[in-house]
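Chain residues, written in single-letter form:
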Amino acid sequence: MPRRRALIIGGSLGGLFAAHLLRAAGWDVEVYERIGEDLAGRGAGLGTHDALRDMMARIGIDVVAPLGVATHAYVCRDHTGRAVHEIKLERVMSAWARLYRPLRDALPDENYHPGMALTRAENDTRGATAVFADGTRMSGDLLIGADGGRSTVRSQFLPDVKPEYAGYIAWRALVPEADMAPAARAELTEHLTFCIPDGELMISYAVPARDGDIRPGRRDYNIVWYRPIDERRLADINTDASGFRHDQVSPPLIRPEIIAAVQADARALLPPAVADVFAGAAQPFFQAIFDLSSPRLVFGRVALLGDAAFVARPHVGAGVTKAALDAACLADATAAMPDLDAALAYYDRERRRFGDWIVARSRDLGACIGLGATTAHALTPEYIMREYAALPADVKNWAAGTLQRAIV
Ligand SMILES: Cc1cc2nc3c(=O)[nH]c(=O)nc-3n(C[C@H](O)[C@H](O)[C@H](O)COP(=O)(O)OP(=O)(O)OC[C@H]3O[C@@H](n4cnc5c(N)ncnc54)[C@H](O)[C@@H]3O)c2cc1C
């Protein structure tokens, strides 16, 4: 059988997992990324799951080196810094570049095309064609939309499916551990810190530095602080100093008074050590939190993958793991079934089950944000941390089930 060719739209983590796992299953792959520069500069902490490590190993990326920083417990602190609840749990917290760099480096440059923005996908008799902003047309047996939560591919085939704002944003800050006071380092870097101000949730932890270093003192410290705000206020904070309103304002354009206000709130609401770190961040930024579920993932020879298909709120910390498992399911199904349409139908069915589950689970976890003191039960540290602590095992069970079924 001649080698089949996949056109992958989106060269972030989902697109890279798809490229590697399909190549290993006998496909030729071409990855097209809208952004012209290397993506490793995207600095953000990422929770990991066993399945993510398994997928890196399957690709052949050295997993003897840890994927990230090992943490040993979840500790909830109040705004004075007092520990109010603790659960022992081993987790590995990673960072964007620690995953992106080896995945990107392991893919030959001739198969990765930066600065190529897809404008349209077309099904045709042989397979699918990608049409790019510069007029280039490329054809293959399969086109994969791995182009994120605001996917161009999805909006073409499912124009009514749009990200739904969850009612809150995540403020994020990343600070070199070397810049933290010794007492803050001692208090914060060995475990995940939770803080639960009224109707809000803050989680912070040490992550690999942008160059991948995981040695104590060389790492970064990552803060994610979920805060409810209504859509009018969201539009306001997405408006830059010139009065231009962005869908998602880029970090350097966030107005200084907005940063000053959130830093002042951090002083009042978060443990002092965390507020200090937040105040020391060169560029705090926020991301609006969305839900997205696609009722279909396959349209002829076009398939959606990763955030283009489903966006689970970040509480599950599994968006990258989900994208990797999507890619594994697609690769395994196409390897096992010579009929590509049958393999795609299988992929569509299996990954919708997982996507629907993980979106629902992440909604449950986020449901406490914005509710305030009226729902005291749901907001107790015991409840929230128990729910968070149950997640890794849940994701593991679902991942194992998916992979078993995919190896048909
Ligand atoms: C606050 C927050 C915290 C998170 N924490 C975690 C965590 O702890 N663990 C975890 O696993 N996940 C986490 N996530 C989720 C994770 O970031 C995403 O699930 C993951 O990045 C999805 O990868 P993706 O490749 O599907 O999409 P993306 O990373 O969004 O990549 C899509 C790519 O497609 C490109 N693109 C878009 N349109 C086009 C086009 N028309 N043509 C060509 N290219 C295009 C984009 O430039 C981009 O590079 C978090 C998310 C948020 C918001």
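Since the structure is predicted, the reported quantities are computational estimates derived from the model, not experimental observations.

S.K.: Sorry, what's going on with the overall build of the chain here?
M.R.: Check the secondary structure of the chain and you find 11 helices and 18 strands. For 408 residues, the compact-globule estimate of 2.2 N^0.38 gives 22 Å, and the chain sits close to it at 21 Å. Based on the C-alpha atoms only, the size of the chain along its principal axes is roughly 65 × 45 × 40 Å. Across the 408 residues of the chain, 56% fall into the buried class. Partitioning the contacts of the chain with sequence separation of at least 6, the portion at a separation of at least 24 is 71%. Roughly 16800 Å² of accessible area belongs to the chain as shown, and the carbon and sulfur atoms make up 53% of that amount.

S.K.: Explain the pairing of strand 11 (residues 164–176) here, please?
M.R.: The side chains of a regular strand alternate, first on one face of the sheet and then on the other. Counting buried residues in strand 11 gives 10 out of 13 residues, a clear majority hidden from the surface. Inspection of the sheet shows strand 11 paired to strand 15 (residues 285–293) by 6 bridges, in the antiparallel sense. Looking at strand 15, one finds that Arg-172 is bridged to Phe-285. Bridge count for strand 11 against strand 14 (residues 220–228) is 9 bridges, and the pairing is antiparallel. Looking at strand 14, one finds that Ala-170 is bridged to Tyr-226.

S.K.: I would appreciate a short explanation of the nonpolar core in the present structure.
M.R.: Note on soluble globular proteins: their nonpolar side chains tend to be buried together. One finds Phe-17, Leu-143, Ile-144, Phe-194, Leu-201, Tyr-226 and Tyr-388 to be the most contacted residues of the largest nonpolar core, which totals 107 residues. Among the elements that line this core, the one with the most residues is helix 10 (residues 340–366), at 10 residues. Not counting residues within four places of it along the chain, the set of residues in contact with Ile-144 comprises Ala-6, Leu-7, Ile-8, Ile-9, Leu-22, Ala-303, Leu-305 and Leu-330. In terms of nonpolar packing, the next biggest core, distinct from the first, is built from 35 residues, Ile-229, Ile-254, Ile-259 and Ala-273 among them.

S.K.: Explain the site of the ligand here, please?
M.R.: Within the structure, the ligand sits among 32 residues, and Ser-12, Gly-14, Glu-33, Gly-47 and Asp-307 are positioned closest to it. Side-chain polar atom of Glu-33 to an oxygen atom of the ligand: 2.6 Å apart, as the coordinates give it. At a separation of 3.1 Å, an oxygen atom of the ligand approaches a polar backbone atom of Gly-319. Out of a free accessible area of 1000 Å², the ligand has 89% covered by protein chains.

Cut-off values and rules
Along each chain, residues carry numbers from 1 onward, in the same order as the chain's sequence is written. Predicted model: local features are reported for residues with pLDDT of at least 70 only, side-chain atom pairs are reported and counted for 80 or more only, and whole-chain, interface and lining totals are derived from all residues. Excluded from the side-chain calculations are hydrogens and water; all other atoms, namely the structure's heavy atoms, are used. Note on conventions: DSSP H or I runs of at least 4 residues are helices, E runs of at least 2 residues are strands, and numbering of each starts at the N terminus. Note on method: radius of gyration uses C-alpha positions; expected globular size equals 2.2 Å times residues raised to 0.38. Think of it in three bands: residues with accessible area under 20% of the maximum for their type are buried, residues over 50% are exposed, and the middle band is partly exposed, with areas taken using a 1.4 Å probe on protein chains only. Residue contacts are defined here by distance: any two heavy atoms, one from each residue, within 4.5 Å place the two residues in contact. All accessibility values rest on the Shrake-Rupley procedure with a 1.4 Å probe; residue burial counts only the protein chains present in the view. Any two strands with at least two DSSP-identified bridges between them are counted as paired. Residues belong to one nonpolar core when they are buried, are Ala, Val, Leu, Ile, Met, Phe, Trp, Tyr or Cys, and are joined through side-chain atoms within 4.5 Å. Residues are counted as near a molecule or strand when any one of their heavy atoms sits within 4 Å of it. Definition of a polar contact: a pair of N or O atoms within 3.5 Å, with one able to donate and the other able to accept a hydrogen when the atoms are protein atoms, and with sequence-neighbouring residues admitted only if both atoms are side-chain atoms.

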